[in-house]
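An overview of the molecular structure
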Amino acid sequence: MIDQHDNARRQGLNLRRHGQLALKGLAVILLAAVITLWAWNTLAGDLFAAPIAEFRHAVAAVLALSALAFAWGFGLRLAQRR
């Protein structure tokens, strides 16, 4: 009976850790999007008269760059195995 209780408690802590990790990841993505938006609108918008970006464009750029970095790292790891 004690083993079942400990197992359930461990699973709950595991879910809590996963939830915290997901929230931290979301916070990093949103912060990176805000910084990207500010940098683009400051540099390209003011200095070079490029079109002003919206927040959704910055989020899409951050997600695309994150996916590209993940794929690059995965490819390098896969190449080292061979």
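These lines cover the structure that appears in this document, whether it is placed above or below.

Rules behind the numbers
Residues numbered from 1 in each chain as written. Predicted model: local features only at pLDDT ≥ 70, side-chain atom pairs only at ≥ 80, totals over all residues. Heavy atoms only, no water. Helix = DSSP H or I, 4+ residues; strand = E, 2+ residues; numbered from the N terminus. Areas by Shrake-Rupley, 256 points an atom, 1.4 Å probe, with all protein chains shown as cover. Phe/Tyr/Trp six-rings, centres within 6.5 Å; stacked < 30°, edge-to-face > 60°. Patch = residues over 30% accessible without salt bridge, like charges linked within 9 Å, V, L, I, M, F, W, Y side chains within 5 Å. Salt bridge = Lys/Arg side-chain N within 4 Å of Asp/Glu carboxyl O. Core = buried A, V, L, I, M, F, W, Y, C linked by side-chain atoms within 4.5 Å. Buried < 20%, exposed > 50% of the residue type's maximum accessible area, 1.4 Å probe, protein only. Polar contact = N/O pair within 3.5 Å; in protein donor to acceptor, adjacent residues only side chain to side chain. Contact = heavy atoms within 4.5 Å.

**Structural notes on the overall build of the chain**
Within the chain, the regular secondary structure consists of two helices and zero strands. Only carbon and sulfur atoms are counted for the fraction: they give 69% of the accessible area of the chain, which is about 7300 Å².

**Brief notes about the packing of aromatic side chains**
Following the criterion strictly, the structure yields one aromatic pair and no others. Ring centres of Phe-70 and Phe-74 lie 6.5 Å apart, and the angle between their planes is 15 degrees; on these two criteria the pair is classed as stacked. Remark: Phe-74 and Phe-70 occur in helix 2 (residues 55-81); sequence separation between them is four residues, near one turn of the helix.

**A short note on a nonpolar patch on the surface**
Together, Leu-23, Leu-26, Leu-30, Val-34 and Phe-55 make up a nonpolar patch on the protein surface, roughly 460 Å² of accessible area in all. If one sorts the elements of the nonpolar patch by residue count, helix 1 (residues 2-47) sits on top with four residues.

**Quick look at the nonpolar core**
Formed by Ala-33, Leu-37, Ala-53, Ala-58, Val-59 and Val-62, the largest nonpolar core amounts to six residues. Among the elements that make up this core, the one with the highest residue count is helix 2 (three residues).

**Focus on the environment of Ala-32**
In this fold, Ala-32 is placed in helix 1. Separated by 26 residues in sequence, Ala-32 and Ala-58 place their C-alpha atoms 8.4 Å apart.

**Regarding the side chain of Asn-41**
Within the secondary structure layout, Asn-41 lies in helix 1. Among the polar contacts listed, one links the side chain of Asn-41 to the backbone nitrogen of Ala-53, at a separation of 2.8 Å. Setting aside chain neighbours within four positions, we find Asn-41 in contact with Asp-46, Ile-52 and Ala-53.

**Side note on unusual backbone geometry**
In most cases, non-glycine residues show a negative phi, while peptide bonds are predominantly trans. Even without a glycine there, the phi angle at Ala-49 is positive, about 55 degrees. Looking at the element boundaries, Ala-49 is found in the loop between helix 1 and helix 2.

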